[in-house]
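# Overview (structure and organization)
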Amino acid sequence: MTTLLICLPLAAALIVWVLPMNPVSAGSLALLAALAEVGVWIQLLVRYDFAQGGLQFSDRHTWFSDLNVSYHVGVYGFSVWLVGLTVVVMAATIAYGFWAGRERLRAYMGLMLFLNGAIVGVFVAQDLLLFYAFFEAMLIPLYVLVGVWGGPGRMGATLKFILYTMAGSLLMLASIVVYGLSQHTFDLTQIGESSSQWIFLGFVAAFAIKAPLFPLHGWLPDAYRESSPEVAAVLSGVVSKAAAYGFLRIAVAKFPGPAHDFRAPILALAAVGLIYGSLLAFRAPDLRGVIAYSSLAQMGLITMGVFAVNDLGLDGSVLQMVNHGLVSATLFLLAGMVERRTLTGELGRLGGMARGRPALATVLLTTGVIALAVPLSSAFAGEFLILAGVFQRGWGWAVAGAVAIVLAAMYVLRLVSAVLHRDVGPAVSDSALDLRPAELGVTVPLLACLLALSVWPAAITQHSFRGDHGAADVAAQFK
Amino acid sequence: MIPRPHVDWFALAPVNSLLLAAGVALLSAVLVPRSGRKAVAAAFCALGYAAAFGFAIALYVKSADGHGVVADAFDRDRLTALATMIVAGTGLLVTGLAYGERAREDHAAEYYALLAASGAGMAFFVGANNLMTLFLALEWFSISLYILCAIDRDRLGGLEAALKYLIIGSFGSAVLLFGSALVYGATGKLDFPGIAAAGAQDDALLVLGLAMLIAGLAFKASAAPFHMWTPDVYEGAPTPVTAFMAAATKTAALVVTLRVLVTAFPANAHLWTVAIAAIAVCSLAIGNFAALVQRGVKRMLAYSSISQAGFMLIGVSANSELGGRALLYYLIPYTAMSVGSFAVVAARERELGVPVTFENMAGFGWERPLLGISMWAFLLGFAGFPLTGGFIGKFYVFAAAYEHGWTWLVIVGVLATLVSLYYYLGLVRAMFMRRTEDLQLAPIGGSPPRDALLQTTVFTCLVVTVGSFFAVQPLIDLCKHAVNALPWV
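Residue positions are given per chain, counting from 1 as you read along its sequence in written order. Chain letters start at A and ligand numbers start at 1, both assigned in the order the entries are written. Local features in a predicted model are, by the rule used here, given only for residues with pLDDT of at least 70; side-chain atom pairs are given and counted only at 80 or more, and totals for whole chains, interfaces and linings are based on all residues.

### Quick notes on the overall build of chain A
- When helices and strands are counted, chain A shows 20 helices and two strands.
- Here the radius of gyration uses the C-alpha set of atoms, whereas the globule reference equals 2.2 Å times the residue count to the power 0.38. A compact globule built from 479 residues would reach a C-alpha radius of gyration of about 23 Å, and chain A, at 21 Å, matches this within 12%.
- Each of the three principal axes of chain A carries a C-alpha extent, and together these read 65 × 60 × 40 Å.
- Burial in this document is a count-based property: other C-beta atoms within 10 Å of a residue's C-beta are tallied, and the residue is buried at 20 or more, exposed at 12 or fewer, or partly exposed in between, with C-beta positions derived from the backbone. Taken over 479 residues, chain A has a buried fraction of 62%.
- By definition, residue pairs are in contact when their C-beta atoms, positioned from the backbone, come within 7 Å. Of all intrachain contacts in chain A linking residues separated by at least 6 positions in sequence, the fraction that spans at least 24 positions is 80%. Secondary structure elements are taken from DSSP: a helix is a run of H or I of four residues or more, a strand is a run of E of two residues or more, and numbering for both begins at the N terminus.

Laid out in structure tokens, this is it:
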């Protein structure tokens, strides 16, 4: 079943690429495959035994035996949710890309499906080398998706993105070689813990760039601004979660000693990123800038939760990963929809779009309200748990987080009012339509997921780790 | 009467089939009318390579216990067989690539004859078991290659390239020959096991000879700092010949380096492991940094091949079975990627009729999707991305360096890979992200040539490049048995 989750989109990608098809049938096939993937995931969710927890649906074949590398995939409770986030967001973005009518749709759809398979692979790989392979494989389609279908500054954006991420990834490769060979296996379920600070830092470098953590976020604004909205949605919504997953599954679980030693600096960087990102989001002149920097801030928060390494922090960060993934994907798609109508993302030239466009106003406001973590929203639950978790590691961290929540309210409300309220901006014409049914069809399901989680956040917090004890699972290294 | 050694014809079958093919192809220059000459010569050349490939497989199967044949001048073992397979496979692909080349027709038969002859020389080279056959085989394939570089006299820079290759290559051969003489002087032995058994490891003559042997072989493998000829020659030679040099010559030289060092100089391992590591680091540094500033695709690929030699030499420097496995495994996707990428360059060259640069690759990926995507895969493979064998190859050489205790070499390799991304991905960017309309190109007219053989070649290379990522276990087993033929201590 896990293998099916990886192979279904990859096979669909091959079919889209190889068979001669017109754009409409290629897009339909891609959408169908993405929806089928969601269906498979729902099967997985239903069949996963949360009471028992641990690694399930695992599949293991030797890849090459002399270095003990294997194809080993399987899901834990919390990876079920991350895979779910991936397949839902990917289905929405593929649908939006199809509807928006990208050029060279066959190539585009194939790459999106390929990306889908690779991201799922990252979340289910239980072998270090396999994990690395998927982690890098994500980059191949992203490079082209940003570089070919991006905006005018796409060349510089892709180059920066690739060089930043590869610098981290290659350090991780060196770490993987050293770690795996010194432990005589690359299997994550068997490999022992290590106390080497260098190996730990190699892994952390890769994840900190990918997330990104302050001050390694240099690639972020360009990549998020220059890519097409649906690719930005995937980047900030899903790909960044691969880094948070790596922190949790590898950095914290396999390196308890170094993770403890480096807790203070990493929490400090995360806190700085949280506040700094929030401030930048408040100052950003355009829609995408606000969402991009808020993404930096939220990744800082999630990292804080992971490195708190206690039940509250871990549960909260998993919940917040899913929340933020859905929120930022929705916001990026909405930004794309607004830009499509006004041809600009500059907040100064927007405004007054609520009048006569009730659907847009409702969807944007609802997403915004969840994003700023009003009580009863799922983001509130996630942030509260993370703050409670880091509070146990020092009250100062929690204060930084609480300040950031206030800042979040500021930047989200600024965004919402700049688009919807105030006077009608120069870029907004009366003929700009409300959200079309297809656009609603893309955003409403994402929003519905968020609302469902708001009603029942325990769906994730109590079904991520064995017996609701994340710290115990981490300490046992997910055995 | 001089006693005649027993000749194991089966062990020499790949060499002989290629020699036979070369002879027949050469005869076709006089016996076949001009119109059919090229087809006949190419067919025999391909046939020779196919036969050599087949014989090499048979030899691999039947040579589980390696031993010397023909008075111990030639090694019949699985290492020879595997290296012959790689060389013969490369030759077959290159023959397919060369067939569509629009060169002067008056030397078509000689072209294929020389191609087969140089392949024969390499097949003999990889099995050489003493310094005499080593030198003989080296000259054998080198001379064929010198002529091949110059055979297309209309080509801009072709003669210059050939002359440069001839002079520097001869210098390299001379160094190797002098080194061999010194080693012989120190030990009184020519055969590799004999040199090892002579026990003269502290002899200054032997050490100097060893250094010169390494230098001579590094010339052929185009490893820095013995690489100066590479960019000019790769650029000036006809593209199929460049592909052959990049893939097959490098394979032969690296395999022989491994064999000579491990078989003949086990007692000096503390010296040559460091020397090879130093050469590897040099190649990585020079190859990568010089490639950054190239605008010509062939020159960029030439520097990239220098840096790839650096990665493979890391495997040799580990002086372990794992290192040997890493080298042999790496060679399989490497040869495919080299031939494939030069084939794509050749395709563009035939379309435009001018040397291929980053600028005039613009839009190529969308115009010719199969070639574009294949080139993308080859470049990603060179850069060590997953889904290509290049990734596993890099992983293996890094693993070998780590097992040897040289974590610093892993770090150097990783940094070199990072630098290399800039130019590999730069070409991908040129192919897919720039628009054709941005350029004021003057195509030489008509629709792009349909070259089925070239496309088959590229597709085969693609299959090997990607397939070697998935089928690691069988390939590694193949390499493992081959490497076991060497006397590891």
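### Here's the deal with the overall build of chain B
- Scanning chain B from N- to C-terminus turns up 19 helices and two strands.
- Viewed in the frame of its principal axes, chain B has a C-alpha envelope of about 65 × 55 × 40 Å.

### Details of the interface of chain B and chain A
- With 24 residues of chain B in contact, the opposing surface of chain A contributes 26 residues.
- Broken down by secondary-structure element, the contributors of at least two residues to the side of chain B that touches chain A are helix 16 (389-403), helix 17 (407-432) and helix 19 (472-483) of chain B.
- Sort the elements by how many residues they give to the side of chain B that touches chain A and helix 17 of chain B lands first, with ten residues.

### Notes on the environment of Ala-108 of chain B
All names here are of chain B.
- With respect to the helices and strands, Ala-108 occurs in helix 4 (residues 108-125).
- On the basis of neighbour count, Ala-108 is assigned to the buried category, with 25 C-beta atoms found within 10 Å.
- Those residues in contact with Ala-108 that lie beyond four places of it in its chain are Arg-37, Lys-38 and Ala-41.

### Focus: the pairing of strand 1 (residues 56-64) of chain A
Residues and elements named next belong to chain A.
- The sheet contact formed by strand 1 and strand 2 (residues 69-75) spans six bridges and is antiparallel. Pairing of Arg-60 across the sheet is with His-72, part of strand 2.
- Remark: four residues form the turn of the hairpin made by strand 1 and strand 2, two consecutive strands paired antiparallel; Asn-68 in that turn has positive phi of roughly 55°. Any two strands with at least two DSSP-identified bridges between them are counted as paired.

### Here's the deal with the nonpolar core
- The term nonpolar core refers to a set of buried Ala, Val, Leu, Ile, Met, Phe, Trp, Tyr and Cys residues connected through C-beta atoms within 7 Å. Within the largest apolar cluster, 409 residues are counted, with the highest numbers of intra-cluster contacts made by Ala-30 and Met-138 of chain A.
- Among residues more than four places away in sequence, those in contact with Ala-30 of chain A are Ala-12, Val-16, Ile-94, Phe-98, Met-109, Met-112 and Leu-113 of chain A.

### Examining the packing of helix 3 (residues 78-99) of chain B against helix 13 (residues 321-352) of chain B
Residues and elements named next belong to chain B.
- Where helix 3 meets helix 13, the axes come as close as 11 Å, and the angle between the chain directions of the two elements is 10°. When the axes of helix 3 and helix 13 are compared, the pair comes out roughly parallel. Contact residues: helix 3 offers Leu-82, Ile-86, Thr-90, Leu-93, Val-94 and Leu-97, while helix 13 offers Leu-328, Leu-331, Ile-332, Thr-335, Val-339, Ala-343 and Ala-346.
- Of the residues assigned to the contact of helix 3 with helix 13, the class counts are eleven nonpolar, two polar and no charged. For every element, the axis is a line fit to its C-alpha atoms; helices are fit only across the contacting stretch, and the angle between N-to-C directions ranges from 0 to 180 degrees. Any angle that falls under 35 degrees is termed roughly parallel, while one over 145 is termed roughly antiparallel, one within 65 to 115 roughly perpendicular, and all others oblique. Each residue is assigned to one class: nonpolar for Ala, Val, Leu, Ile, Met, Phe, Trp, Tyr, Cys and Pro, charged for Asp, Glu, Lys and Arg, and polar for all the others, Gly among them.

### Things to note about unusual backbone geometry
- In this structure, the amide linkage connecting Ala-211 of chain A to the following residue, Pro-212 of chain A, adopts the cis form with an omega of -10°.
- Topologically, Pro-212 of chain A is positioned in the loop between helix 8 (197-210) and helix 9 (220-226).
- Here Ala-224 of chain B and Pro-225 of chain B are connected by a cis peptide whose omega angle stands at 5°.
- With respect to the helices and strands, Pro-225 of chain B occurs in the loop between helix 8 (204-221) and helix 9 (230-236).
- Although it is not a glycine, Phe-57 of chain A adopts a positive phi angle of roughly 50°.

### Section: helix 1 (residues 13-31) of chain B
- Multiplying 1.5 Å by the residue count of a helix minus one yields the expected span of that helix. For helix 1 of chain B, which comprises 19 residues, the first-to-last C-alpha distance of 26 Å matches the rise-based estimate of 27 Å (1.5 Å per residue) to within 8%.
- Residues of helix 1 of chain B that are buried in the fold lie against helix 2 (34-62), helix 3 and helix 4 of chain B.

### Some words on helix 6 (residues 158-187) of chain B
- In this model helix 6 of chain B runs 42 Å from its N-terminal to its C-terminal C-alpha over 30 residues, within 8% of the 44 Å that 1.5 Å per residue would give.
- Where helix 6 of chain B ends, the next residue or the one after it, Gly-188 of chain B, has phi of about 75°, a positive value.

### What about the confidence of the model for chain B?
- pLDDT: the predictor's confidence for each residue, scored from 0 to 100. In this model, chain B carries an average pLDDT of 91, and 97% of its residues clear a pLDDT of 70 or more.
- Interface predicted TM-score (ipTM) for the complex: 0.92; the corresponding pTM is 0.94.

### A look at the environment of Phe-469 of chain B
Residues and elements named next belong to chain B.
- Note that Phe-469 resides in helix 18 (residues 452-470).
- Distance in space between the C-alpha atoms of Phe-469 and Gly-390 is 7.8 Å, their sequence separation being 79 residues.
- Apart from the residues within four sequence positions on either side, Phe-469 is in contact with Pro-386, Leu-387, Thr-388, Gly-389, Phe-391 and Ile-392.

### Here's the deal with the environment of Ser-196 of chain A
- Mapped onto the fold, Ser-196 of chain A is located in the loop between helix 7 (154-183) and helix 8.
- Spatially, the C-alpha atom of Ser-196 of chain A lies 8.3 Å from that of Gly-257 of chain A, the residues being 61 residues apart in sequence.

### A look at the packing of helix 4 (residues 105-124) of chain A against helix 6 (residues 139-149) of chain A
Residues and elements named next belong to chain A.
- Contact geometry of helix 4 with helix 6 gives a least axis separation of 9 Å together with a crossing angle of 145°. Both helix 4 and helix 6 take part in a crossing whose hand is left-handed. Across the interface between the two elements, Tyr-108, Leu-111, Phe-114 and Leu-115 from helix 4 touch Pro-141, Leu-142, Val-144, Leu-145 and Trp-149 from helix 6.
- Across the contact of helix 4 with helix 6, the residue classes break down as nine nonpolar, no polar and no charged. Each crossing is labelled by how the near helix is turned from the far one, with a counterclockwise turn of less than a right angle marking it left-handed and a clockwise turn marking it right-handed.

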